[in-house]
Amino acid sequence: MRAFKTVRGMRDFLPEEAKMMKYIEGKARKTAELYGYREIITPVVEPYELVAAKAGEEVRARMYAFKDLGGRKVALRPEFTASVARLVATTLRNEPKPLRLFCVGSLYRYDEPQKGRFREFWQSNFELMGSEKTEADAEILLLTNHFMKSVGLKNYAFKIGHVGVLRSILSQEGLAEETQNQVMQLMDKKLHDEALKLVKDAGVSERCLDTLRKLVGLRGDAAAWVLKEMEKLVKDYEKAASAVSNLGEILKFFSESAGEISVTIDAGFARGLEYYTGIIFEVYVPELEIALAGGGRYNKLVELFGGEPTPAVGVAHGIDRMMLALQEQKTNLTAGGEKTVMVIPVNESLNSKALKISEMLRAEGISVETEVMGRKVSKALEDADRRGISHVIIVGEKELKDEAVVLRNMRKKRQSTVKIEKLAEEIRQDSS
Ligand code: AMP
């Protein structure tokens, strides 16, 4: 039979990587707990129409979409927000607001595989449903900041914008939503000239073109200055002006509560997903060009899916990319002297005793590997050393007569005879 490889864009996670992914997922779960977000688990397979509705052309064209055996058009979820909005529009319709929901799992997009871009990837996703207030937007930024910090990421920075600014100008100029979406897609890909050309061809005013040209080039980390400039540029566009002041309020809340944070305001920032109506943001580290997380406000999605009008704001954190960033930053997650024990019987007649001692230690919460290869003690010790086991227990007849075994500290390379009843305590107290 031929040797199989993973399908292009799919990956195996070997133990070290799997451990890192689960570590990040654990921190996401802890963040959810700290901020009051309750976990939900939604299906990987969703109706095509649901996930296609507002995903944006980019994502729509890259969906794993197919007919199931019952002839239903379905897709592997490319993101979580549509599934959460579906629930809030249906089953959770009558839940009191605010609703804080968390989910974590795999997503599927037929992207061109490259560093940090995979066809199967993982996100932790937080949605705050039912509030249109700026403190809700600030909460999503704050919890993202907390999460990034808690996994040990360094020098991460927020890029923040507001789709209401550009969209309000385009609406006031009479541009159809369809065309607006195309403009935003081009902006998202940083194809600003093409975006401006599209706007021009749609027949907008000179003043509009001039305003857009200036907005697109306007960004900086001096928030107060950028906001002032934005205000000046949009003064003739009423709704765009209120979008700028909305952005200002959120930033004020965020910076007053977050402590040290690095933020760039980008007036020409757009994101591919079409459902955003307010603030949008992404998180970056200097080591990677791609975003670690992305989010924003979407006030119309639940309604679009047949629910009550429900303002909402949320964020998705790319767990794979956070892992990549931690690796690039050479963050050592396993520092801290983890203890793992190997139990080796000196001959086969002691197998049963070795298993019994292993079970006794596990019952005390200690991680134990029992020797199951029938190797000589010297060979098993070599293996334990190679794999970074902290303690080895050698089960021999001589010591057993006194209800004892040999306990060897592999890192310090010293050993002593210890009573079996004292083993767990001894291992716990022994520094490794
Ligand atoms: P989005 O749903 O496009 O807003 O993406 C949110 C986050 O998911 C991004 O910031 C990435 O961290 C992650 N992400 C999106 N697409 C991919 C992909 N193809 N591979 C890995 N991570 C991704």
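These remarks concern the structure in this document. Note that the coordinates shown come from a computational prediction; the quantities given were computed from them, not determined experimentally.

What counts as what
- Residues numbered from 1 in each chain as written.
- Predicted model: local features only at pLDDT ≥ 70, side-chain atom pairs only at ≥ 80, totals over all residues.
- Heavy atoms only, no water.
- Buried < 20%, exposed > 50% of the residue type's maximum accessible area, 1.4 Å probe, protein only.
- Helix = DSSP H or I, 4+ residues; strand = E, 2+ residues; numbered from the N terminus.
- Pairing = 2+ DSSP bridges.
- Right-handed = clockwise from strand over helix to strand, strands pointing away.
- Near = heavy atom within 4 Å.
- Polar contact = N/O pair within 3.5 Å; in protein donor to acceptor, adjacent residues only side chain to side chain.
- Areas by Shrake-Rupley, 256 points an atom, 1.4 Å probe, with all protein chains shown as cover.
- Nonpolar A, V, L, I, M, F, W, Y, C, P; charged D, E, K, R; others polar.
- Axes fitted to C-alpha atoms, helices over the stretch in contact; angles between N-to-C directions.
- Parallel < 35°, antiparallel > 145°, perpendicular 65-115°, else oblique.
- Left-handed = near helix turned anticlockwise from the far one by under 90°.
- Contact = heavy atoms within 4.5 Å.

Looking at the pairing of strand E14 (residues 367–370)
Across the two faces of E14 the burial differs, with Val368 and Thr370 buried and Ser367 and Glu369 not buried at all. Here strand E13 (residues 340–345) pairs with E14 via four bridges, running parallel. Bridge pairing in E14 links methionine 342 to glutamate 369. Viewed along the sheet, the connection from E13 through helix H14 (residues 351–363) into E14 turns out right-handed.

Here's the deal with the site of the ligand
In the vicinity of the ligand, 16 residues are found, and the nearest of them are Arg109, Asp111, Phe118, Gln123 and Arg271. Here an oxygen atom of the ligand sits 2.8 Å away from a polar atom, N or O, in the side chain of glutamine 123. Leucine 292 places a polar main-chain atom, nitrogen or oxygen, 3.0 Å from an oxygen atom of the ligand. For the ligand, whose unbound accessible area comes to 490 Å², protein coverage reaches 93%. Counting only elements with at least two residues in the shell around the ligand, the list comes to strand E6 (120–129), strand E11 (293–297) and strand E12 (312–318). Its residues assigned to classes, the shell around the ligand shows seven nonpolar, four polar and five charged.

Some words on the packing of helix H5 (residues 134–150) against helix H11 (residues 238–258)
It is the contact of H5 with H11, at a shortest axis distance of 9 Å, that shows an interaxial angle of 40°. Regarding the angle of H5 to H11, the classification is oblique. Two packed elements cross with a definite hand, and for H5 against H11 that hand is right-handed. Where H5 approaches H11, its residues Thr134, Glu135, Asp137, Ala138, Leu141, Leu142, Asn145 and Lys149 are matched on the opposing element by Asn246, Glu249, Ile250, Phe253, Phe254, Ser257 and Ala258. A per-class count over the contact of H5 with H11 returns seven nonpolar, four polar and four charged.

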